[in-house]
Amino acid sequence: MAWRDSRRSRQRLLLFMSAIVLGIAALVAINSFGDNLARSIDDQARELLGADLTLSWTRPPSAKTQQLAKTLGRDRAYEVSFASLVSIPRTGGVRLAQVKGLQGNFPYYGAWEVEPVSAIQSFRSAQSRVALVDDGLLVQLGAQLGDSVRVGNLSFVIAGRVTKTPGQAAIAATVAPTVFIPNQFLASTGLLQRGSRIAYKYYYKFAPGTDIAASIKKYETRFEKEGLNTDTVADRQRQTGRSFADLTKYMSLVAFVALLLGCVGVASAVQLYVKEKIASVAILRTLGASGRQALLIYLVQTALMGLIGATVGALIGSVVQLVLPQVFGRFLPITVETTLSAPAILGGIGTGMLISVLFALLPLLAIRNVAPLRTLRTNYEDDLNGRDPWRWLVYVLVLGFIVGFAYWQTKNLQLALGFTAGLTLAFGVLTALGLGLIWLVRRFFPASWSFVWRQSLANLYRPNNQTLILVTAIGLGAFLIATLYLTQGLLLSRVELSGSGNQPNMVLFDIQNEQVAGVRSLVQQQKLPVLQDVPVVTMRLNDVNGKSPATSPKDTSLKMPSWAFTREYRVTYRDTLIASEKQVAGKAPYQADGNVYISMEKAFLDRLHLKLGDTLNFNVQGTLIPAIVGGTREIEWNRVQTNFLVVFPSGVLEQAPQFHVLMTRVPNNQTSAILQRNLVSQFPNVSAIDLGLILKTVDEILDQISFVIQFMALFSILTGLLVLGSSVIISKYQRLRESVLLRTLGASRNQILRITALEYGLLGLLAALSGILLSVVGTWALARFVFEVPYRPNAVPLAIVAIVVTVLTVLIGLFNSRDVLVRPPLDVLRSEA
């Protein structure tokens, strides 16, 4: 019976099916991509590291430990790296780059892509000064193979163009391009000075089958005590998996939103379909069918259409996931091998079936209450709108599905509950607005208005009205689209750097104490302002309240994370707060009664599980300096300012080894280039960051990120538009007979056209404004509680969304009425009977 009955309604059932196709496609594509990404990380873990083990440090360990580092593994490569300005003498181009002095056969795993390939061997065996340079740096500085690159006091011939380094994503090479030089020439560059920020690393290759973790376990205590960090293939595999687990979680939530919009489409389509089938159900009941049988007939129909829709969506998703590695290629340090993922495909089909049945149950339950006498009645509201205890069970199942599915996708119960609560609130607000519109129009009906207006407004509350369904479905689509616009602007605002006024746009750092006067003089010679001159001292945390993991390894009262004792702290000293800081508790840095009271950033203090009054012992080049937490600050990190997690008072660190950061403002690129060239020639160890160039690089990165966000959001937007369209198209069957009746009674085509346009225009505008209002409130909450940035919504995209959604609703509504306008009423009734 389900098959026979569907023959007259397959066009409408296809619209129902289309509501879940894109949601399932997004779900399958993203889950397949996640499975392939996890498998590729497992397969390429060694290539991510380039070795079996790395050992790194930023402060020299003991001579005994350095000797140990030279004996581990079957083969080893040595790397010294630091940031420095490099220049191309032929073009005059200057750029901050990562300089790496290499010695040995790195990488041991993975392909080091260099053009020409022979340059790698020339570099490793070089007795002359040659360099391998990232392709991006050569393009930016207009250099080519055979040119010279100047690093400190030395010039190197560019022998090779590096297009890929194992473990490095393309986007990382864009932000921090690398110049590789032979390690034996580093000392002659003059850049390895006291106070310079230098990182040291060994790459090790072990014999096949060696248990790396067991080999280094006996040295773990010594390495941790001396601040050495180890990284194995297993560690890198876990770290990379965790990093990109966040990516797949984000994409899964995008797919989930698309899927939920599909659920709305399912519920609204079935709601209208059921109303259309009431007469057929009444006839079945008259012929002896039970309410349960009538329910199962249409439940089978929706389940089959859900199966077909989910299968089509899974096929589309399997094709789309082949494209995702190209979309995310610049952000991934590995090559993702794409294959069909059976769990993702079967999970998508099963999910499609589940939501088809679950979300169709709510409107289908009303079929059980259709009485045989409905064949004689014209009003069916009484037998469809009665209280049904089964509906509450379905509501609970729907909420349980949303929570369970969100938890399955994110593995975060708090996030799943918050997502469900926000979605429930949005549904509640849209439902209340729809019901409110119905009540207002009925209560304050303008009886004196023209026939066209009265007919349009009456359609909003009379039987067969589609107000509630369309306001909910269209409102959610508008809510999603507007939120995407606003959130994109919100994210971009976090990286905006002002280009006007006296904001610094050039940062000079690694300036040694004896160089400060010379650098200031060089800046002032070009009539540039010295906007900031900040001393920076590097130190490590030795203990907190007399305890540390080394001295009290079993003390459970020490709640600080272990990384707090191994990381480097770069601090400054002053007695006042600056413009980017705001006092939260305590006082600014000060000294009293022989004690040193420091100020810490509030969020960082919370991460370390510290409180005001705790005593911290800092190690500065072997000298312990005790300090008490005397205050906390909030910092605006997105401002062009030297901001610090820890600030000491004046009079404590002045004699400590330190370097200075100087900020100035250059009026144009020409002045910037002159200043950087003079710095390279007179102070080769001093590095400069041209924020103009950095912002250009950031813009390129943001363009990539924006494309990724828009690509993923496309699924949700298309699903929202499809749900909107299918809901409005299906609603034509609710207005068709009424429009034909009006034509029969003498209404003109123009009147019917205006009635239809006004009804759908009012519904579309209300739904769009409701969705936009929800998006403004939701984005404000994101700005206030998540991103912690000022929120200034842009009215232009919101107006565009409102206009587009309203116009689209009206156009589809008019398209529905084309048969009534161009064909005789009797033909229309016969074709739809």
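Residues numbered from 1 in each chain as written. Predicted model: local features only at pLDDT ≥ 70, side-chain atom pairs only at ≥ 80, totals over all residues. Heavy atoms only, no water.

Colleague: Pulling in residues and values, what's your account of the overall build of the protein?
Modeller: A tally of regular secondary structure across the protein gives 29 helices and 21 strands. Counting over 833 residues, the protein shows a buried share of 51%. In the protein, 82% of the contacts between residues at least 6 apart in sequence involve partners at least 24 apart. By element, 59% of the accessible surface of the protein is carried by carbon and sulfur atoms, the whole surface being about 38000 Å². (Helix = DSSP H or I, 4+ residues; strand = E, 2+ residues; numbered from the N terminus. Buried < 20%, exposed > 50% of the residue type's maximum accessible area, 1.4 Å probe, protein only. Contact = heavy atoms within 4.5 Å. Areas by Shrake-Rupley, 256 points an atom, 1.4 Å probe, with all protein chains shown as cover.)

Colleague: Tell me about empty space enclosed by the protein, and please be specific about residues and values.
Modeller: Tallied over the entire structure, the rule returns 5 cavities of 30 Å³ or more. Quantified by volume, the second largest cavity comes out at close to 60 Å³. In terms of lining, the second largest cavity is formed by Phe 82, Ala 83, Ser 84, Leu 191, Ser 196, Arg 197, Ile 198, Asp 510, Asn 685 and Ser 687. Looking at the lining of the second largest cavity, the element that brings in the most residues is strand E2 (residues 75-88), giving 3 residues. Along the lines of polarity and charge, the residues of the lining of the second largest cavity split into 4 nonpolar, 4 polar and 2 charged. (1 Å grid on protein atoms, 1.4 Å probe; cavity = no way out; pocket = protein on both sides within 12 Å on 5 of 7 lines; lining within 4 Å. Points joined across faces, edges and corners; volume = space filled by probe spheres on them. Nonpolar A, V, L, I, M, F, W, Y, C, P; charged D, E, K, R; others polar.)

Colleague: For the packing of aromatic side chains, give the residues involved together with the corresponding values.
Modeller: On inspection of all chains with the given rule, the structure shows 21 aromatic pairs. Ring geometry for Tyr 569 versus Phe 604: centroids 6.2 Å apart, planes at 70 degrees, classification edge-to-face. Note that Tyr 569 is positioned in strand E13 (residues 569-573) and Phe 604 in helix H22 (residues 602-607), a separation of 35 residues in sequence. There is no split in this pair, since Tyr 569 and Phe 604 are both buried. Every member of this aromatic cluster is reached through a ring pair, and the members are Trp 57, Tyr 78, Tyr 200, Tyr 202, Tyr 204 and Phe 206. One residue, Arg 567, lies across the ring of Tyr 569, its end atom 4.8 Å from the ring centre. Residue placement shows Lys 587 over the ring face of Tyr 590; its charged tip is 5.3 Å from the ring centre. (Phe/Tyr/Trp six-rings, centres within 6.5 Å; stacked < 30°, edge-to-face > 60°. Lys NZ or Arg CZ within 6 Å of the ring centre and 35° of its normal.)

Colleague: Can you tell me about the pairing of strand E20 (residues 658-664), naming the residues and giving the values?
Modeller: Burial of E20 is extensive: 7 of the 7 residues sit out of reach of the surface. The alternating pattern of E20 places Gln 658, His 660, Leu 662 and Thr 664 on one face and Phe 659, Val 661 and Met 663 on the opposite face, and all of these are buried. In this sheet, E20 lies alongside strand E11 (residues 506-512) in antiparallel orientation, the contact comprising 5 bridges. Within E20, the position partnered with Met 506 by the bridge is Thr 664. (Pairing = 2+ DSSP bridges.)

Colleague: Can you explain the pattern of salt bridges? Please cite residues and give values.
Modeller: Considering all chains together, one arrives at 9 salt bridges under this definition. With a closest N to O distance of 3.0 Å, Asp 147 and Arg 90 form a salt bridge. One end of the pair, Asp 147, is in the loop between helix H6 (135-141) and strand E6 (148-151); the other, Arg 90, is in the loop between E2 and strand E3 (93-103), and 57 residues separate them in sequence. Overall, Asp 147 belongs to the buried group, its relative accessible area being 9%. Across the pair Arg 574 and Glu 581 runs a salt bridge whose closest N-O atoms are separated by 3.0 Å. On the accessibility criterion, Arg 574 (15% relative accessible area) is buried. One salt-bridge network, held together by shared partners, links Arg 574, Glu 581 and Arg 633. (Salt bridge = Lys/Arg side-chain N within 4 Å of Asp/Glu carboxyl O.)

Colleague: Requested: an account of the environment of Thr 806, with residues and values cited.
Modeller: Counting through the fold element by element, Thr 806 comes out in helix H27 (residues 795-816). Sequence separation of Thr 806 and Gly 764 is 42 residues, and the distance between their C-alpha atoms is 4.4 Å. Excluding residues within four positions of it along the chain, Thr 806 makes contact with Gly 761, Gly 764, Leu 765 and Ala 768.

Colleague: Could you give an account of unusual backbone geometry, with specific residues and numbers?
Modeller: The omega torsion of the bond from Phe 106 to Pro 107 falls at -5 degrees, within 30 degrees of zero and hence cis. With respect to the helices and strands, the residue Pro 107 is situated in the loop between E3 and strand E4 (113-115). With an omega of -5 degrees, the peptide bond running from Glu 115 to Pro 116 counts as cis. Here Pro 116 shows up in the loop between E4 and helix H5 (118-124). Notably, Asp 510 is not glycine yet its phi reads approximately 65 degrees, a positive angle. Within the element layout of this structure, Asp 510 appears in strand E11. The class of Asp 510 is buried, set by a relative accessible area of 5%. In this structure, Asp 593 is a non-glycine residue whose phi angle is positive, near 55 degrees. Tracing the chain through its elements places Asp 593 in the loop between strand E15 (590-592) and strand E16 (595-601). Residue Asp 593 is classed as exposed on the basis of its relative accessible area of 79%.

Colleague: I'd like a description of the pairing of E11, backed by residues and values.
Modeller: In terms of residue burial, E11 counts as a mostly covered element, since 7 of its 7 residues are buried. Where E11 lies against strand E21 (residues 687-690), 4 bridges are found, and the strand directions are antiparallel. When the sheet's bridge partners are listed, Met 506 is paired in E21 with Asp 690.

Colleague: A description of the confidence of the model for the protein should follow, citing residues and the corresponding values.
Modeller: Across the protein, pLDDT averages 79, with 79% of residues at or above 70. Across residues 495-500, confidence stays below pLDDT 50; counting only partners more than four residues off in sequence or on other chains, it has 9 contacts. (pLDDT = per-residue confidence, 0-100.)

Colleague: Report on the environment of Gln 409, specifying residues and quantitative values.
Modeller: For Gln 409, the position within the fold is in helix H16 (residues 389-410). Relative accessible area serves as the criterion here: at 8%, Gln 409 is assigned to the buried category. Note: C-alpha distance between Gln 409 and Asn 31 (378 residues apart in sequence) is 9.1 Å.

Colleague: Outline the nonpolar core, listing residues and values.
Modeller: Membership of the largest hydrophobic core comes to 45 residues, with the highest contact counts inside it found for Tyr 298, Ile 355, Phe 359, Leu 364, Ile 367, Phe 401 and Ile 402. Elements with a minimum of two residues in this core: helix H2 (10-43), helix H10 (233-276), helix H11 (278-286), helix H12 (291-320), helix H14 (342-364), H16 and helix H17 (413-443). Those residues in contact with Phe 359, other than ones at most four positions away along the chain, are Cys 263, Val 266, Ala 267, Val 398 and Phe 401. Formed by 38 residues, the second largest nonpolar core is a distinct cluster that contains Leu 68, Phe 82, Leu 141 and Ile 198. (Core = buried A, V, L, I, M, F, W, Y, C linked by side-chain atoms within 4.5 Å.)

Colleague: Talk me through the packing of H12 against H14; I want residue IDs and the actual numbers.
Modeller: Two elements in contact, H12 and H14, have axes separated by 8 Å at closest approach and are oriented at 150 degrees. The two elements H12 and H14 meet at a crossing, and its hand is right-handed. Contact with H12, carried on its side by Leu 295, Tyr 298, Leu 299, Thr 302, Ala 303, Gly 306, Leu 307, Ala 310, Thr 311, Ala 314 and Ser 318, involves Ile 345, Gly 348, Ile 349, Gly 352, Met 353, Ser 356, Val 357, Ala 360, Leu 361 and Leu 364 of H14 and no other residues of that element. For the contact of H12 with H14, the class distribution of residues is 14 nonpolar, 7 polar and no charged. (Axes fitted to C-alpha atoms, helices over the stretch in contact; angles between N-to-C directions. Left-handed = near helix turned anticlockwise from the far one by under 90°.)

Colleague: I'd like a rundown of the side chain of Gln 532, residues and numbers included.
Modeller: Tracing the backbone through its elements, the reader meets Gln 532 in strand E12 (residues 530-544). We classify Gln 532 as buried; its relative accessible area is 15%. Polar contacts involving the side chain of Gln 532 include one to the side chain of Thr 642, which spans 3.0 Å. (Polar contact = N/O pair within 3.5 Å; in protein donor to acceptor, adjacent residues only side chain to side chain.)

Colleague: I'd like a description of the packing of H11 against H12, backed by residues and values.
Modeller: It is at 10 Å that the axes of H11 and H12 come closest, and there the two elements cross at 140 degrees. By the angle class used here, H11 and H12 are oblique. Classified by chirality, the crossing of H12 by H11 is right-handed. Here H11 contributes Ser 280, Val 281, Leu 284 and Arg 285 to the contact with H12, which in turn contributes Gly 291, Ala 294, Ile 297 and Tyr 298. Across the contact of H11 with H12, the residue classes tally to 5 nonpolar, 2 polar and 1 charged. (Parallel < 35°, antiparallel > 145°, perpendicular 65-115°, else oblique.)

Colleague: Before we move on, could you go through a nonpolar patch on the surface and cite the residues and values that matter?
Modeller: Residues Val 300, Leu 304 and Leu 307 make up a contiguous nonpolar surface patch of about 230 Å² in total accessible area. Following the sequence through the fold, Leu 304 ends up in helix H12. The exposure class of Leu 304 is partly exposed, given its relative accessible area of 45%. (Patch = residues over 30% accessible without salt bridge, like charges linked within 9 Å, V, L, I, M, F, W, Y side chains within 5 Å.)

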